[in-house]
Amino acid sequence: MQIDLSTIDYFTESGSVEAVTSRTGNEADERLATVWAMLVKHLHAFAKEVDLKQGEWEAGIDFLTRTGQMCDENRQEFILLSDVLGLSMLTDAINNRELASATESTVMGPFHVKGAPELPMGANISLDGKGESCIFEGYVFDQEGNAIEGARLDVWCDNVDGYYDVQQPDIQPKWNNRGIFKTGQDGTYRFMGAKPVSYPIPHDGPVGQLLEKLGRHPNRPAHMHYIVSAPEYRTLVTHSFVDDDQWLKSDVVFGVKASLVANYEHSPDGDAKWRSPFDFILVKDTTN
Ligand code: BEZ
Ligand code: FE
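Residues numbered from 1 in each chain as written. Chains lettered and ligands numbered in written order. Predicted model: local features only at pLDDT ≥ 70, side-chain atom pairs only at ≥ 80, totals over all residues. Heavy atoms only, no water.

(A) Summary view of the domain arrangement of the protein chain. Split by domain assignment, the protein chain resolves into domain 1 (1-52) and domain 2 (98-201 + 215-282). Distance from the C-alpha centre of domain 1 to the C-alpha centre of domain 2: 46 Å. (Domains from an automatic or database assignment.)

(B) Expanded view of the sheet that holds strand β3 (residues 178-182). Read across the sheet, five strands follow the order β3-β2-β7-β8-β9 without closing on themselves; strand pairing throughout is mixed. In this open sheet, the two strands that pair with only one neighbour each are β3 and β9 (261-262). As paired elements, strand β2 (residues 152-156) and β3 share five bridges and run antiparallel to each other. Across the sheet, the residue bridging to arginine 152 is lysine 182, located in β3. (Pairing = 2+ DSSP bridges. Helix = DSSP H or I, 4+ residues; strand = E, 2+ residues; numbered from the N terminus.)

(C) Fine view of the pairing of strand β4 (residues 188-194). Most of β4 is tucked away: six of the seven residues are buried. With seven bridges joining them, strand β1 (residues 133-142) and β4 adopt antiparallel strand pairing. Bridge pairing in β4 places glutamate 137 opposite arginine 190. (Buried < 20%, exposed > 50% of the residue type's maximum accessible area, 1.4 Å probe, protein only.)

(D) Layout of the coordination of the iron ion (ligand 2). Bound to the iron ion (ligand 2) are the protein donor atoms Tyr164 (OH), Tyr199 (OH), His223 (NE2) and His225 (NE2), situated 1.9 to 2.2 Å from the metal. Coordination at the iron ion (ligand 2) is irregular, judged from the six donor atoms that bind it and the angles of 54 to 165° they form at the metal. In primary-sequence terms, the residues that donate to the iron ion (ligand 2) follow Y-x34-Y-x23-H-x1-H. Remark: histidine 225 occurs in strand β7 (residues 223-229) and tyrosine 164 occurs in the loop between β2 and β3; sequence separation between them is 61 residues. Neither residue differs from the other here; tyrosine 164 and histidine 225 are each classed as buried. (Donors = N, O, S within 2.8 Å, 3.2 Å for Na, K, Ca; no water. Tetrahedral: all angles 85-135°; square planar, octahedral: opposite > 155°, others 65-115°.)

Right, dumping it as structure tokens:
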């Protein structure tokens, strides 16, 4: 049978979106079809708006290829790319709306390690003994101000040289500056550690090169990471930031929120150089 070539809609610049999205089959998952259609719509609009040159397309493909090649079990360059694009924080914001009065969330980052040791209240997580000692303490509350007993705090931070233990496995003790604590009956937690310092995100790969070309610095303001969880509450992924840090206004991954900046006071009892009180408010999980 002869095909009537004049009736075929071949790919054109003006009809590019429809050309691609009309191929999606009825059996495609509904959400996937929606997300795919929006991705094609905005990606094609982007290419048209910047009048994408062939060499720029090639440079983009090369950049994404090198980003993928940089990834292994210890390094996730694509998440770093999402972070510096602000996409990680935007996703976090979209998924944590309507949480007035609760502690705000922020990026997880790539340096969390599952299985950190569970430590008794007051224990010291700074195993290398470096840096300025600091007591981290506070309450975990619900939104009505009731203390939550048995809330789990998974905490981690860098050492005084600005590296996480997993970045320096041959230099730092395993589990340096990490631990898991559970709140007591009164909802309090307390642990000793080193005052975190600011550090650059890994910038020896394609994302670092991109930052340099954009005239952007790679630094994060000093922070302590927390995953706070309790049965029947939404798990909170957040940080407390050190209040005098020079990078608070220009965190490379946009993770800072005013409510997450913690006080660092000189400890009055002399048991540590610093004391940083910080409370958490968890939201009831209504999804089940
Ligand atoms: C971090 O805070 O550990 C982190 C977050 C995003 C990118 C790199 C590191
Ligand atoms: Fe961090």
